[in-house]
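Letter by letter, the chains look like this.
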Amino acid sequence: MSKRVQAKYKINRRLGENLWGRPKSPVNKREYGPGQHGQRRKGKVSDFGTQMVAKQKLKGYYGNITERQFRNLYAEAVRCKGDTGENLVGLLERRLDAVVYRLKFVPTVFSARQLVNHGHVKVNGRRVNIASYQVKVGDVIELTARAKEMALVMEALASAEREIPDYLSFDGNKATYVRVPNLSDVPYPVQMEPNLVVEFYSR
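How each quantity is defined
Residues numbered from 1 in each chain as written. Predicted model: local features only at pLDDT ≥ 70, side-chain atom pairs only at ≥ 80, totals over all residues. Heavy atoms only, no water. Helix = DSSP H or I, 4+ residues; strand = E, 2+ residues; numbered from the N terminus. Buried < 20%, exposed > 50% of the residue type's maximum accessible area, 1.4 Å probe, protein only. Contact = heavy atoms within 4.5 Å. Areas by Shrake-Rupley, 256 points an atom, 1.4 Å probe, with all protein chains shown as cover. Salt bridge = Lys/Arg side-chain N within 4 Å of Asp/Glu carboxyl O.

A. Here's a closer look at the overall build of the protein chain. Broken down by element type, the protein chain carries nine helices and five strands. When its helices and strands are written in sequence order, the protein chain yields α-α-α-α-α-α-β-β-β-α-α-β-β-α. Scored against the burial criterion, the 203 residues of the protein chain give a buried share of 47%. Taking the contacts inside the protein chain whose residues are at least 6 apart along the sequence as the reference set, 59% of them involve residues at least 24 apart. Of the roughly 11300 Å² of accessible surface on the protein chain, a fraction of 48% belongs to carbon and sulfur atoms.

Now the structure itself:
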């Protein structure tokens, strides 16, 4: 199990974008980077630098994904038919923690991973505590009875901060994974460029 060792929002300031679109993000107040040299004038970014930022942005959005996990997902996306960038986004959105986050069971991607790891999520009636579990089309996702009574879950479901995307069907009790989304279907708060991620790994 991977553990995030950095402050959650430091990546926002390093990239200069509100990665998760949250009102509490410090980048809303301080657009410059973190640390002693954060306010230095930025130089011209190379093609490699642009690709690196695109990779860090997409990987960072999903919270605690390690570089090794992300590279493995890329390798799987290459093996699949079709556009590699679209395939990569589809694989990321099939992760169980990502699905839990999209269903608004929790307010952040980090709490989604924790909810899954603690055994509060069931897929097709069976508990699954692996955040990287790949959900398949037609799978039914639901919370345990105990999780439904958690204040965190009830507040997240009642929040108007996000909407549940149309590739997931939720009736207030159970959810169904309807289809694997394309890049244009995923409600990213910032622009993601998986094509640059493909270029980064294809060097």
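B. Representation of unusual backbone geometry within the structure. Even without being a glycine, lysine 104 presents a positive backbone phi close to 65 degrees. Relative to the assigned elements, lysine 104 resides in the loop between α5 (96-102) and α6 (109-117). Judged by relative accessible area, which is 9%, lysine 104 ranks as buried. The phi torsion at asparagine 124 lies on the positive side, around 55 degrees, for a residue other than glycine. By the secondary structure assignment, asparagine 124 is in the loop between β1 (121-123) and β2 (126-127). Accessibility expressed as a relative area gives 45% for asparagine 124, which makes it partly exposed.

C. Spatial organisation of the pattern of salt bridges. In this structure the tally under the stated criterion is five salt bridges. Across the pair aspartate 97 and arginine 95 runs a salt bridge whose closest N-O atoms are separated by 3.0 Å. Across the pair, arginine 95 and aspartate 97 agree in class, each one buried. Arginine 179 is the salt-bridge partner of aspartate 166, the closest N and O atoms lying 3.0 Å from each other. In this pair, aspartate 166 is assigned in the loop between α8 (151-158) and β4 (168-170) and arginine 179 in the loop between β5 (174-177) and α9 (194-201), connecting sequence segments 13 residues apart.

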